[in-house]
Amino acid sequence: MRLIDTHTHLDFPDFDDDRERLLATATARGVERMVVLGVDQQNWQRVWNLACHDTRLPAALGLHPVYLAQHRPEHLTQLRQWLERLHGDPRLCAVGEFGLDYYLPALDKARQQSLFEAQLQMACDFDLPALLHVRRSHAQVIATLKRYRPSRAGIVHAFAGSAEEAREYIKLGFKLGLGGAATWPQALRLRKTLMRLPLESLVLETDAPDMAPAMHPGVRNSPEHLPDIARALADIMGVEAQVLADATRRNTCELFGWPHDD
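All values reported here derive from a predicted model rather than from experimental measurement.

A.B. asks: Teacher, can you tell me more about unusual backbone geometry here?
C.D. replies: With an omega of 20°, the peptide bond running from G96 to E97 counts as cis. Among the secondary structure elements, E97 is positioned in strand β4 (residues 92–101). Note the cis peptide between A208 and P209, where omega equals 10°. Mapped onto the elements of the fold, P209 is located in the loop between β8 (202–204) and α8 (226–237).

A.B. asks: Just checking my understanding: could you explain the packing of aromatic side chains for this structure?
C.D. replies: Aromatic ring pairs are described here by two measures, namely the spacing of the ring centres and the angle between the planes. Counted according to the given criterion, the structure contains four aromatic pairs. Their ring planes at 45° and their centres at 5.8 Å tell us that F98 and F116 sit as a pair that is tilted. In this pair, F98 sits in strand β4 while F116 sits in helix α4 (residues 109–125), placing the two residues 18 residues apart along the sequence. R33 extends its terminal NZ or CZ atom over the ring of W258, reaching a point 4.2 Å from the ring centre. Of note, K109 hangs over the ring of Y102, and the distance from its end group to the ring centre comes to 4.4 Å.

A.B. asks: Looking at this structure, how should I read the pairing of β4?
C.D. replies: Working note: regular strand, side chains alternate between the two faces of the sheet. Within β4, ten of the ten residues are buried, which leaves it mostly tucked inside the rest of the structure. For the crossover from strand β3 (residues 59–61) across helix α3 (residues 73–86) to β4, the handedness is right-handed. Across six bridges, β4 lies against strand β5 (residues 130–135) in parallel orientation. If you follow V95 over to β5, its bridge partner there is A130. Taking the sense of rotation as the criterion, the β-α-β connection linking β4, α4 and β5 turns out right-handed.

A.B. asks: Looking at this structure, I do not really get the sheet that holds β8. What am I missing?
C.D. replies: Backbone-to-backbone hydrogen bonds join strands into a sheet, with any given pair of strands oriented parallel or antiparallel. Sheet architecture is open: eight strands sit in the order β1-β2-β3-β4-β5-β6-β7-β8, paired in parallel fashion. A single partner strand is all that each edge strand has here, and the edge strands are β1 (3–8) and β8. Adjacent strand axes in the sheet meet at a mean angle of 25° when their direction is disregarded. Across the sheet, helix α9 (residues 241–256) touches β1, β2 (31–37), β4, β5, β6 (154–157), β7 (175–178) and β8, and the angle it forms with β8 is around 100°.

A.B. asks: How should the nonpolar core be read in this particular structure?
C.D. replies: The nonpolar side chains of soluble globular proteins are, as a tendency, buried together. L132, Y169 and L194 are the most contacted members of the largest nonpolar core, which has 71 residues in total. The greatest single-element share of this core, amounting to seven residues, is contributed by α8. Beyond its immediate sequence surroundings of up to four residues, Y169 is in contact with V134, H138, V141, I142, L145, V156, F159, F174 and L176. Formed by 13 residues, the second largest nonpolar core is a distinct cluster that contains I4, A60, A94 and I155.

A.B. asks: Help me understand the side chain of R19 in this model?
C.D. replies: Looking at the element boundaries, R19 is found in helix α1 (residues 19–28). Residue R19 is classed as buried on the basis of its relative accessible area, which comes to 15%. For R19, the side chain forms a polar contact with the main-chain oxygen of L10, separated by 2.7 Å. Sequence-distant contacts of R19, that is, excluding residues within four places in its chain, are made with L10, D11, F12 and L50.

Reading guide: rules and limits
- Residues numbered from 1 in each chain as written.
- Predicted model: local features only at pLDDT ≥ 70, side-chain atom pairs only at ≥ 80, totals over all residues.
- Heavy atoms only, no water.
- Helix = DSSP H or I, 4+ residues; strand = E, 2+ residues; numbered from the N terminus.
- Phe/Tyr/Trp six-rings, centres within 6.5 Å; stacked < 30°, edge-to-face > 60°.
- Lys NZ or Arg CZ within 6 Å of the ring centre and 35° of its normal.
- Buried < 20%, exposed > 50% of the residue type's maximum accessible area, 1.4 Å probe, protein only.
- Right-handed = clockwise from strand over helix to strand, strands pointing away.
- Pairing = 2+ DSSP bridges.
- Axes fitted to C-alpha atoms, helices over the stretch in contact; angles between N-to-C directions.
- Contact = heavy atoms within 4.5 Å.
- Core = buried A, V, L, I, M, F, W, Y, C linked by side-chain atoms within 4.5 Å.
- Polar contact = N/O pair within 3.5 Å; in protein donor to acceptor, adjacent residues only side chain to side chain.

None of the figures reported here should be taken as evidence of function without further support.
Here is the structure:
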């Protein structure tokens with residue numbers, strides 16, 4: 001299988017001791033590219049350094065809602081400056097990770113919304129896909145996307161919504177990121193939704209080092225696990241693993257404007 005991991009945080013210190021080994025193993029298992037996403041102003045340079053060092057690691061830069069307390073107004077200005085400077089560089093593939101998180105009550109919703117809209121506008125301005133964090137906030141995210149309607153759309157990371165919410169995202173051109181969450185037997189609602197999702201709207205991800213799948217419980221998640229995740233998701237959906245791999249790779253390449261030969 002040839003696979004692409006659309007959501008990782010491989011710049012995190014969790015990988016400092018064995019990043020090169022991990023990349024070699026993931027590549028040997030068929031994982032061709034691993035998108036590395038920024039979460040705050042302090043890690044953009046680390047993310048970009050990885051992208052410059054290794055063509056397997058395209059970069060996305062953004063301000064994650066969970067780190068709301070660390071974000072400052074000037075960070076939005078600096079993000080725009082980064083995007084302006086890197087505009088047209090193929091190593092930059094998206095704006096992200098950004099979005100809305102209503103799961104954590106301490107995160108101010110108004111501040112989140114302002115940050116979300118500012119970054120969504122940047123995705124529109126620079127014609128880049130938006131890689132979205134959406135937790136218990138689907139209705140608000142969908143309503144906002146309907147106002148902005150970004151031409152390149154993007155990915156709803158770690159999709160765990162309903163079939164109806166999936167349809168709304170798909171109408172807006174967004175792909176749905178699937179990873180380890182649905183591999184757990186207790187994820188009954190998500191598994192039922194999975195069986196109703198069209199292959200042409202799906203992409204694969206790990207969210208490494210988070211969201212370990214059921215076959216690797218309690219360990220650091222890694223792109224090395226993506227083939228196992230793909231096989232488990234294909235089994236849930238009732239399709240061949242190769243069919244899911246081919247469809248999600250094609251979807252990912254089309255979204256990011258990467259060449260594909262299948």
